Amino acid sequence: MIDKRFDSAREAVADIFDGATIMIGGFGEAGSPIELIHALIDQGAKSLTVVSNNSGTGLVGLAALLRAERVSKIVCSFPKTAGSTVFPDLYRAGKIELELVPQGTLAERIRAGGAGIVAFYTPTAVGTPLAQGKESRVFGEREHVLEHGIRADFTLIKGHTADTHGNVLYHRTARNFAPMMATAATVTIVQAAEVVEAGALDPEIIVTPGIFVDRVVHVPSPALESALNEAGASYP
Amino acid sequence: MTSATTTGWTRDQIAMRVAQDIANGSYVNLGIGIPELVASHVPAGRTFIYHTENGLLGMGPSPATGQGDPELINAGKRRVTMMPGAAFFDQATSFAMIRGGHLDLSVLGALQVAANGDLANWSTGADDAIPAVGGAMDLVAGVKRVFVMTTHMTKEGEPKLVQHCTYPLTGRAVVTRIYTDLAVIDVTPRGFALVELAPGIPFDFVQERTGAPIIQSHALEARK
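Residues numbered from 1 in each chain as written. Chains lettered and ligands numbered in written order. Predicted model: local features only at pLDDT ≥ 70, side-chain atom pairs only at ≥ 80, totals over all residues.

Observations regarding the overall build of chain A
Now for step 1: For chain A, the helix and strand inventory stands at 7 helices and 12 strands.
Now for step 2: Taken over the C-alpha trace, chain A has a radius of gyration of 18 Å; the compact-globule value for 236 residues is 18 Å, and the two agree within 12%.
Now for step 3: In terms of overall dimensions, chain A has a C-alpha envelope of 55 × 40 × 30 Å along the principal axes.
Now for step 4: Sorting the 236 residues of chain A into buried and exposed places 54% on the buried side.
Now for step 5: Residue pairs at least 24 apart in sequence account for 78% of intrachain contacts in chain A once pairs closer than 6 positions are excluded. (Helix = DSSP H or I, 4+ residues; strand = E, 2+ residues; numbered from the N terminus. Rg over C-alpha atoms; globule rule 2.2 N^0.38 Å. Buried ≥ 20, exposed ≤ 12 C-beta atoms within 10 Å, placed from the backbone. Contact = placed C-beta atoms within 7 Å.)

In structure tokens form, the structure reads like this:
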């Protein structure tokens, strides 16, 4: 019998090691796996490389992980969302490295990493500072830059409903990077508001098939970054 | 110089003017900020389907303040609604729509646009700036037509339409048409070319506020 459930976020992130590369889902607060991130803060792993579209807001979730100085590098498309002060302060102080990647290239690099494509050519960013130093090639009279797939040791994502086999459904625009990130890590950890037995979900509507998911944690009422920030929360 | 009472189009009037040039049934991505106003000025009888690159086709207007779903947001991370026929999808699919040329139009803001269509809209390159690009480079690389919607000048009174961009580029030779408070201007192989002046705005007034020559004779041809 397959059952990928873990009893707690704490147990699900227990083996994350110093120096690991971790993909973290979310576009702004939509899809941000706050409970898994907080468990990672408690767990203590450091010198992490984080791959995530944004850098968190306020003093909770991803911003709290950065503030605890556990992250040495972030691979990101937009690290200065309104309400984001932790990353700018660390960046200006030289305490964190930033690899800035166009959002679509970031998505495709993660997709490629998970799909066994080592690198690909894209027209995005040609002629801009983000193409500097990258190999380029002309196809059909148009210049393209070579971008490499990304893989990670762990992926942390937020689903809405998961089953015991790790099949996952998402909620609206919380889906964003999660389906690709699930494919691109050695260990993919999903927190889900609802966890059901295998067979309860219609196979026609599965978004992330369970083969990409290793651990499922039931988080019945996940916190929202905006609500925590409005309440003045900080973690830990 | 023409008198200081010459004002041109308001932001909403610019948005209305942009919307006139969008065909019924177009799939459109509106950039954050001033381009978002286009959605409030759709001409009667037309329907546009809005794409937001964080994963929704069929985006609807913002809900009332305090309402809505914190996980139903646009690329500016503000709450939105969804229209009948809407669809959610992941980021790889969303940028396949963009890079694959499936969207009809992208309307973006600008820091600078050059006479050859180069666009700079993500960074001033200042030393203390936090670099952040989002999906802008993918949009300009992949969408069929790129409209820029912007004030004609910066707050400091510098032209935004220039011979060469001095800020870091978003893309090379990507802009199709520019809508400002003063005029509608095409990017052509010969440089900027006038399509239309805002009411009461003389051509010379626009040219004086533009950092590169504008071909005036183009206007009649562009309206044919």
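Thoughts on the overall build of chain B
Now for step 1: When helices and strands are counted, chain B shows 5 helices and 13 strands.
Now for step 2: On C-alpha atoms alone, chain B measures out to a radius of gyration of 18 Å, which is about the 17 Å that the 2.2 N^0.38 rule sets for 224 residues.
Now for step 3: Projected onto its principal axes, the C-alpha coordinates of chain B cover approximately 50 × 45 × 35 Å.
Now for step 4: Residues classed as buried in chain B amount to 46% of the 224 residues present.
Now for step 5: Residue pairs at least 24 apart in sequence account for 63% of intrachain contacts in chain B once pairs closer than 6 positions are excluded.

Describing the sheet that holds strand β6 (residues 112–114) of chain B
Backbone-to-backbone hydrogen bonds join strands into a sheet, with any given pair of strands oriented parallel or antiparallel.
All names here are of chain B.
Now for step 1: With mixed pairing, the 3 strands of this open sheet are ordered in space as β7-β6-β9. The strands lining the two open edges of the sheet, one partner per strand, are β7 (119–120) and β9 (161–162).
Now for step 2: Note that β6 and β9 share 2 bridges and pair parallel. Bridge pairing links Ala114 to Val162 in β9. (Pairing = 2+ DSSP bridges.)

Let's talk about helix α2 (residues 34–43) of chain A
Residue and element names in this part refer to chain A.
Now for step 1: Of all 10 residues that make up α2, 7 are buried, and the element is covered over most of its length.
Now for step 2: All of the buried residues along α2 are Ile34, Glu35, Leu36, Ile37, His38, Ala39 and Leu40.
Now for step 3: Next to the buried residues of α2 lie α1 (9–12), β2 (21–24), α3 (61–67), β9 (152–163), β11 (185–196) and α7 (225–230).

Looking at the sheet that holds strand β13 (residues 214–215) of chain B
Residue and element names in this part refer to chain B.
Now for step 1: Taken in spatial order, the 10 strands make up an open sheet running β4-β3-β2-β1-β5-β8-β10-β11-β12-β13, and their pairing is mixed. With one partner strand each, in any of the chains shown, β4 (81–88) and β13 form the two edges of the open sheet.
Now for step 2: Note that strand β3 (residues 56–60) and β4 share 4 bridges and pair antiparallel. What sits directly across from Leu56, in β4, is Phe88.

So, the interface of chain A and chain B
Now for step 1: Opposite the 42 residues of chain A that make contact, chain B presents 32 residues.
Now for step 2: At the level of secondary structure, the elements contributing two or more residues to the side of chain A that touches chain B comprise α4 (86–92), β5 (97–100), α5 (103–115) and α6 (178–183) of chain A.
Now for step 3: Considering each element in turn, the side of chain A that touches chain B owes the most residues, 6 residues, to α5(A).
Now for step 4: Looking at the side of chain A that touches chain B residue by residue, the class counts come to 20 nonpolar, 15 polar and 7 charged. (Nonpolar A, V, L, I, M, F, W, Y, C, P; charged D, E, K, R; others polar.)

So, the pairing of β2(A)
All names here are of chain A.
Now for step 1: Two strands pair when backbone bridges link them, and β2 and strand β3 (residues 48–51) are joined in this way by 3 bridges, in the parallel orientation. The residue bridging Met23 from the neighbouring strand is Val51, located in β3.
Now for step 2: Of the crossover connections in this fold, the one passing from β2 over α2 to the parallel β3 is right-handed. (Right-handed = clockwise from strand over helix to strand, strands pointing away.)

A closer look at the nonpolar core
Now for step 1: If you look at the biggest cluster of nonpolar residues, it comprises 135 residues, and the most contacted ones within it are Ile22(A), Ile110(A) and Met181(A).
Now for step 2: Contacts of Ile22(A), omitting those with residues within four sequence positions, involve Ile16(A), Leu48(A), Val50(A), Ala152(A), Asp153(A), Phe154(A) and Leu156(A). (Core = buried A, V, L, I, M, F, W, Y, C linked by C-beta atoms within 7 Å.)

Re unusual backbone geometry
Now for step 1: In this model, Tyr235(A) is joined to Pro236(A) through a cis peptide bond whose omega is 0°.
Now for step 2: When you line up the elements, Pro236(A) lands in the segment after α7.
Now for step 3: In this model, Glu141(A) sits at a positive phi of 70°, which is unusual for a non-glycine residue.
Now for step 4: For Glu141(A), the location among the structural elements is in the loop between β7 (136–139) and β8 (142–148).
Now for step 5: Judged by the 5 C-beta atoms lying within 10 Å of it, Glu141(A) falls in the exposed class.
Now for step 6: Despite not being glycine, Ala173(B) shows a phi value in the positive range, around 50°.

Description of the confidence of the model for chain B
A low pLDDT score tells you not to read the predicted coordinates there in detail.
Now for step 1: Averaged over every residue, the pLDDT of chain B is 94; residues scoring 70 or more account for 95%.
Now for step 2: This prediction of the complex comes with two scores: 0.96 for pTM and 0.96 for ipTM. (pLDDT = per-residue confidence, 0-100.)

With respect to the pairing of strand β1 (residues 27–30) of chain B
Residues and elements named next belong to chain B.
Now for step 1: Here β1 pairs with strand β2 (residues 49–52) via 3 bridges, running parallel. In the strand pairing of β2, Val28 is matched with Tyr50.
Now for step 2: Here β1 runs beside strand β5 (residues 105–108); their pairing, made up of 3 bridges, is parallel. Considered in β5, the bridge of Leu30 is made with Val107.

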